[in-house]
Amino acid sequence: MAENDFDLNDAYGLRSREDILRYYRTLAPNYDDDFAKAMDFRVPELIAEAYAAEAVGPVLDVGAGTGLLAAELRQRGVAPIDGIDISPEMIAIARGKGLYRKLHQADVTQPLNLPDSSYVGCVSSGTFTFGHVGPEAIDALLRVTESGGFFAFSIHSGVYAAAGFAARFCALEEDGWITAFRAADIAFYGPSATGPHSQDRGFVVTFRKV
Ligand SMILES: C[S@@+](CC[C@H](N)C(=O)[O-])C[C@H]1O[C@@H](n2cnc3c(N)ncnc32)[C@H](O)[C@@H]1O
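The structure displayed is predicted, hence computed values, not measured ones.

Cut-off values and rules
- Position numbers for residues start from 1 in each chain and track the written sequence from start to end.
- Given that the model is predicted, a residue must reach a pLDDT of at least 70 before its local features are reported, and side-chain atom pairs must reach 80 or more before they are shown or counted; all residues, however, enter totals for whole chains, interfaces and linings.
- Only hydrogens and water are removed before side-chain values are computed, so all heavy atoms of the structure are retained for them.
- Secondary structure elements are defined from DSSP: runs of H or I of at least 4 residues count as helices, runs of E of at least 2 residues count as strands, and each element is numbered from the N terminus.
- Here, two residues are considered to be in contact whenever any of their heavy atoms come within 4.5 Å of each other.
- DSSP calls a pair of strands paired once it identifies at least 2 bridges connecting them.
- Note on handedness: a crossover is taken as right-handed if, strands pointing away from the viewer, the path from the first strand over the helix to the second is clockwise.
- Angles here are taken between N-to-C directions and fall from 0 to 180 degrees, while the axes themselves are lines fitted to C-alpha atoms, restricted in helices to the stretch in contact.
- Put simply, angles under 35 degrees are roughly parallel, angles over 145 are roughly antiparallel, angles from 65 to 115 are roughly perpendicular, and the rest are oblique.
- A clockwise turn of the near helix away from the far one marks a right-handed crossing, whereas an anticlockwise turn of less than a right angle marks a left-handed crossing.
- Here the nonpolar group is Ala, Val, Leu, Ile, Met, Phe, Trp, Tyr, Cys and Pro; Asp, Glu, Lys and Arg are the charged ones; every other residue, Gly included, is treated as polar.
- In this scheme Phe, Tyr and Trp rings, the latter by its six-membered ring, pair at centre separations within 6.5 Å, and the angle between planes marks the pair as stacked below 30 degrees, edge-to-face above 60, and tilted otherwise.
- Whether a residue is buried, partly exposed or exposed follows from its accessible area with a 1.4 Å probe, protein chains only, as a fraction of its type maximum: under 20%, in between, or over 50%, in that order.

Engineer: For this particular structure, what's the right way to read the environment of Val-210?
Structural biologist: Secondary-structure assignment places Val-210 in the segment after β7 (201–209). A sequence separation of 30 residues divides Val-210 from Ala-180, and the C-alpha atoms of the two residues are 9.3 Å apart. Sequence-distant contacts of Val-210, defined by excluding residues within four places in its chain, comprise Ser-147, Gly-148, Gly-176, Trp-177, Ile-178 and Thr-179.

This is the structure in structure tokens:
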């Protein structure tokens, strides 16, 4: 895929599980170059920085994709890392990089076949966005993380309030499920990004499970 053929509007317009599977089946071999490198995608590095400052492994990477966040975590000494992703083709690329202890092909919006309290933390980069995963996944991620565990997620500004993330975090904090909640405003892409989404912003959301 040539750089100019990549269009983030396609990713943001995904409507169904089948759309997501089809989209990432085609994109997987070119994701690192045609998307991440071409757009100067900053999010994996920012999530890894936020996570590594507070916590260690074992950590679960949600929407692991080709493993860009795992690479940043490993550079900062965080291990072991398990990953979960709906796309077998994205997982195959990640597996080839040898960064993960385990990789699960699963839909994170469905009941997760993982034991309670398996992880000391949970991370996600680029997956809580238009056309992808909404706040309905958060309760299961709390379940599989131990008490006191640390979370660092990116959430696109366009879905943060509109898709109910802000309301869900407020409710979880009020009900005593999470604490130390912070949302830091970030640019998703660096100065060399081009196109209509090059200025997109979002939040690095961090919190602890009570
Ligand atoms: C934009 S990519 C981000 C990949 C990687 N985290 C990164 O920062 O480069 C989003 C990933 O979310 C995955 N994804 C989308 N919906 C999902 C779902 N319901 N369950 C699990 N993974 C999903 C896609 O397959 C894709 O690999």
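Engineer: Explain unusual backbone geometry here, please?
Structural biologist: Negative phi characterises most residues that are not glycine, and trans characterises most peptide bonds. Residue Pro-58 follows Gly-57 across a cis peptide bond; omega there is 0°. Relative to the helices and strands, Pro-58 resides in the loop between α4 (43–52) and β1 (59–62). Residues Ala-79 and Pro-80 are joined by a peptide bond in cis, for which omega reads -5°. As for its position among the elements, Pro-80 is in the loop between α5 (68–75) and β2 (81–85). Phi at Asp-40 is positive, roughly 55°, even though this residue is not glycine. Mapped onto the elements, Asp-40 comes out in the loop between α3 (31–37) and α4. One non-glycine residue with positive phi stands out, namely Ser-117, at about 50°.

Engineer: What exactly am I supposed to notice about the pairing of strand β3 (residues 102–105) here?
Structural biologist: Side-chain positions along a regular strand alternate between the two faces of the sheet. Here β2 pairs with β3 via four bridges, running parallel. Bridge pairing in β3 places Asp-85 opposite Gln-105. Note on the crossover from β2 through helix α6 (residues 88–97) to β3: the handedness is right-handed.

Engineer: Can you help me understand the packing of α4 against α5 in this one?
Structural biologist: Packed helices, taken two at a time, are described by their axes: the angle between them and the distance between them. It is the contact of α4 with α5, at a shortest axis distance of 8 Å, that shows an interaxial angle of 40°. In terms of their interaxial angle, α4 and α5 are classed as oblique. By crossing handedness, the relation of α4 to α5 is classed as right-handed. Contacts between α4 and α5 involve Pro-44, Glu-45, Ile-47, Ala-48 and Tyr-51 from the former and Leu-68, Leu-69, Glu-72 and Leu-73 from the latter. Of the residues assigned to the contact of α4 with α5, the class counts are seven nonpolar, no polar and two charged.

Engineer: Would you mind going over the packing of aromatic side chains with me for this structure?
Structural biologist: Working definition: an aromatic ring pair is given by the centre-to-centre distance plus the angle between the planes. Under the definition given, this model contains 17 aromatic pairs. Note on Tyr-12 and Phe-130: the rings are 5.1 Å apart at their centroids and 50° apart in plane angle, and the pair reads as tilted. In this pair, Tyr-12 sits in helix α1 (residues 8–12) while Phe-130 sits in the loop between β4 (119–128) and α7 (138–143), placing the two residues 118 residues apart along the sequence. For Tyr-12, a relative accessible area of 12% translates into the label buried. Given the relative accessible area of 28%, Phe-130 is considered partly exposed.

Engineer: I'm lost on the sheet that holds strand β6 (residues 178–187) in this one. Help?
Structural biologist: In any sheet, the strands associate via hydrogen bonds between backbone groups, in a parallel or an antiparallel arrangement. Strand order across the open sheet formed by seven strands is β3-β2-β1-β4-β5-β7-β6, with mixed pairing between neighbours. Edge positions in the sheet fall to β3 and β6, since each of these pairs with one other strand and no more. Across the sheet, the mean angle separating the axes of adjacent strands is 15° when strand polarity is ignored. Bridge count for β1 against β2 is four bridges, and the pairing is parallel. Its bridge partner being in β2, Asp-61 is matched across the sheet by Gly-83. The sheet contacts of α4 involve β1, β4, β5 (145–156), β6 and β7, and relative to β4 the element is tilted by about 160°. The sheet contacts of helix α9 (residues 165–174) involve β4, β5, β6 and β7, and relative to β6 the element is tilted by about 155°.

Engineer: I would appreciate a short explanation of the pairing of β2 in the present structure.
Structural biologist: By the criterion of burial, β2 is predominantly enclosed, with five of the five residues buried. Where burial is concerned, the two faces of β2 agree: the one with Ile-81, Gly-83 and Asp-85 and the one with Asp-82 and Ile-84 are both buried. Assessed by its sense of winding, the connection that carries the chain from β1 through α5 to β2 is right-handed.

So yeah, pure geometry; function would need other evidence.
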